[in-house]
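This is what each chain is made of:
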Amino acid sequence: MNRNVLSLSVLCLLAMQANAQSQAQVASPTHVSAACQSDVSKFEQVVAVVRQSHGEKRANDLREKLLPSKEADEVLSQSGQCGLARLLRAKKLV
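Residues numbered from 1 in each chain as written. Predicted model: local features only at pLDDT ≥ 70, side-chain atom pairs only at ≥ 80, totals over all residues. Heavy atoms only, no water.

1. Comments concerning the overall build of the protein
- Secondary structure assignment for the protein yields four helices and zero strands.
- Each helix (α) and strand (β) of the protein, taken in turn from the N terminus, gives the series α-α-α-α.
- For the protein, the proportion of its 94 residues judged to be buried stands at 28%.
- Of the contacts formed within the protein by residues at least 6 apart in sequence, a portion of 62% connects residues at least 24 apart.
- Carbon and sulfur atoms form 55% of the exposed surface of the protein, whose accessible area is close to 6,100 Å². (Helix = DSSP H or I, 4+ residues; strand = E, 2+ residues; numbered from the N terminus. Buried < 20%, exposed > 50% of the residue type's maximum accessible area, 1.4 Å probe, protein only. Contact = heavy atoms within 4.5 Å. Areas by Shrake-Rupley, 256 points an atom, 1.4 Å probe, with all protein chains shown as cover.)

In structure tokens form, the structure reads like this:
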């Protein structure tokens, strides 16, 4: 069981690192919100891959471990998608 969780975590981290290397930040407001939306979407895509390969429960457990729902909801309600994207970047999840 621990071996499965470890392999799941490694898979998730590798996918997130690959996505994180994709593009630099752009300064205009339209591009910033698009970049924020893109970063949040990338994280959700990684979770979807884990969900497809290892099941709903493991994907939810991993997501909760990497980014607790309570924390994500607070940041999203206070700072919007760009705040959530900043949190994801600070935690090196995208």
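2. Some details on the pattern of salt bridges
- This structure, assessed with the given rule, holds five salt bridges.
- A salt bridge links Glu-56 to Arg-51; the shortest N-O distance between them is 3.1 Å.
- Residue classification places Glu-56 among the partly exposed positions, given a relative accessible area of 46%. (Salt bridge = Lys/Arg side-chain N within 4 Å of Asp/Glu carboxyl O.)

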